[in-house]
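Commentary on secondary and tertiary structure
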Amino acid sequence: MSNIIIIMFILFNTTISGLYFTFSNTILPVLKQEEDARIAIRIMNRINSVIQNRLFFLLFFGSPLLAVAMVLMNMGSILFWLATLLHIIGSFLVTIVKNVPWNNRLMNEANETSWQEYVSEWTRWNTIRAIMGLLASIIILLELLY
């Protein structure tokens with residue numbers, strides 16, 4: 001059972017971290033290049049609405065639950081603890097504390113000036129959550145391999 005949970009964590013966490021990477025690497029740079037900020041704001045708001053679906057929530061909430069289950073089944077491993085903390089603090093909580101409030105601001109207070117600030121700050125925090133999530137998966141893989 002422990003191996004199934006570990007594999008599921010790696011799959012869920014890496015998938016959602018890859019999604020975050022895609023936003024920082026591709027989607028936000030494209031939207032930032034849009035000459036009319038109102039169009040970019042409208043597109044990002046639509047993306048933020050559409051992404052809130054069952055599959056995203058399964059990955060988003062499932063990853064930290066799997067991380068906790070994984071560490072409880074492997075209490076003696078410092079690397080499992082480290083990966084769990086990286087994921088929960090660096091990916092899950094960053095989303096709740098930083099990215100979601102920025103999304104809410106974009107939905108309610110967006111203008112051309114706030115768009116530039118949004119792109120900069122949201123992408124910064126999004127990149128952090130992508131890196132922390134991917135580091136968590138790498139640490140678990142290293143623990144399994146060595």
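Higher on the page you've got the structure.
It should be emphasised that the depicted structure is a prediction, and the values quoted were computed from it without experimental measurement.

Side note on the pattern of salt bridges
- Applying the stated rule across the entire model yields two salt bridges.
- Among the salt bridges present, the one from Asp 36 reaches Arg 38, with a minimum N-O distance of 3.0 Å.
- For Glu 121, the salt bridge is made with Arg 124, and the minimal N-O distance between the two is 2.3 Å. Remark: Arg 124 and Glu 121 occur in helix α5 (residues 112-145); sequence separation between them is three residues, near one turn of the helix.
- Owing to a relative accessible area of 41%, Arg 124 belongs among the partly exposed residues under this scheme.

A short note on the packing of aromatic side chains
- The tally for this structure, following the rule as stated, stands at 10 aromatic pairs.
- Taking 5.0 Å as the distance between ring centres and 80 degrees as the angle between the ring planes, the aromatic pair formed by Phe 60 and Phe 61 counts as edge-to-face.
- Residue Phe 60 is classed as buried on the basis of its relative accessible area, which comes to 8%.
- Members of the aromatic cluster, connected to one another through ring pairs, are Phe 23, Trp 102, Trp 115, Tyr 118 and Trp 122.
- Just above the ring of Trp 102 sits the side chain of Arg 105; from NZ or CZ to the centre is 4.2 Å.
- The ring of Tyr 20 carries the charged tip of Arg 129 above its face, separated from the ring centre by 3.7 Å.

So, helix α2 (residues 37-50)
- Taking 1.5 Å per residue, 14 residues should reach 20 Å; α2 reaches 20 Å between its end C-alpha atoms and fits that length.
- Looking at α2, one finds that the buried residues are Ala 37, Ala 40, Ile 41, Met 44, Asn 45 and Asn 48. All buried residues of α2 lie within an arc of 130 degrees about the axis, which places them on one face of the element. Those residues of α2 that are exposed and angled more than 90 degrees off the buried face are Arg 38, Arg 46 and Val 50.
- Close packing links the buried residues of α2 with α1 (2-33), α4 (78-109) and α5.
- Two to three positions downstream of the cap, the backbone nitrogen of Arg 38 sits 2.9 Å from a side-chain oxygen, assigning the N-cap of α2 to Asp 36.

Notes on the side chain of Thr 95
- In this fold, Thr 95 is placed in helix α4.
- With a relative accessible area of 5%, Thr 95 lands in the buried category.
- Excluding residues within four positions of it along the chain, Thr 95 makes contact with Tyr 20, Phe 60, Val 100, Pro 101 and Arg 129.

Considerations on the nonpolar core
- Phe 9, Met 70 and Ile 140 are the most contacted members of the largest nonpolar core, which totals 22 residues.
- Counting residues per element, the ones that place at least two in this core are α1, α3 (54-73), α4 and α5.
- In contact with Met 70, not counting residues within four places along its chain, are Ile 5, Ile 6, Phe 9, Phe 80, Thr 84 and Ile 140.

Describing the packing of α1 against α3
- Two numbers describe how α1 lies on α3: the axes approach to 8 Å, and their chain directions differ by 140 degrees. Between α1 and α3, the angle falls in the class oblique. Helix-helix and strand crossings are classified by hand; for α1 and α3 the assignment is left-handed. Along its contact with α1, which presents Ser 2, Ile 5, Ile 6, Met 8, Phe 9, Phe 12, Asn 13, Thr 15, Ile 16, Leu 19 and Tyr 20, the element α3 presents Phe 56, Leu 58, Leu 59, Phe 60, Gly 62, Ser 63, Leu 66, Ala 67, Ala 69, Met 70 and Met 73.
- Grouping the constituent residues of the contact of α1 with α3 by class yields 17 nonpolar, five polar and no charged.

Criteria and cut-off values
- Residues numbered from 1 in each chain as written.
- Predicted model: local features only at pLDDT ≥ 70, side-chain atom pairs only at ≥ 80, totals over all residues.
- Heavy atoms only, no water.
- Salt bridge = Lys/Arg side-chain N within 4 Å of Asp/Glu carboxyl O.
- Helix = DSSP H or I, 4+ residues; strand = E, 2+ residues; numbered from the N terminus.
- Buried < 20%, exposed > 50% of the residue type's maximum accessible area, 1.4 Å probe, protein only.
- Phe/Tyr/Trp six-rings, centres within 6.5 Å; stacked < 30°, edge-to-face > 60°.
- Lys NZ or Arg CZ within 6 Å of the ring centre and 35° of its normal.
- Expected span 1.5 Å × (residues − 1).
- Arc of directions from axis to C-beta.
- Contact = heavy atoms within 4.5 Å.
- Polar contact = N/O pair within 3.5 Å; in protein donor to acceptor, adjacent residues only side chain to side chain.
- Core = buried A, V, L, I, M, F, W, Y, C linked by side-chain atoms within 4.5 Å.
- Axes fitted to C-alpha atoms, helices over the stretch in contact; angles between N-to-C directions.
- Parallel < 35°, antiparallel > 145°, perpendicular 65-115°, else oblique.
- Left-handed = near helix turned anticlockwise from the far one by under 90°.
- Nonpolar A, V, L, I, M, F, W, Y, C, P; charged D, E, K, R; others polar.

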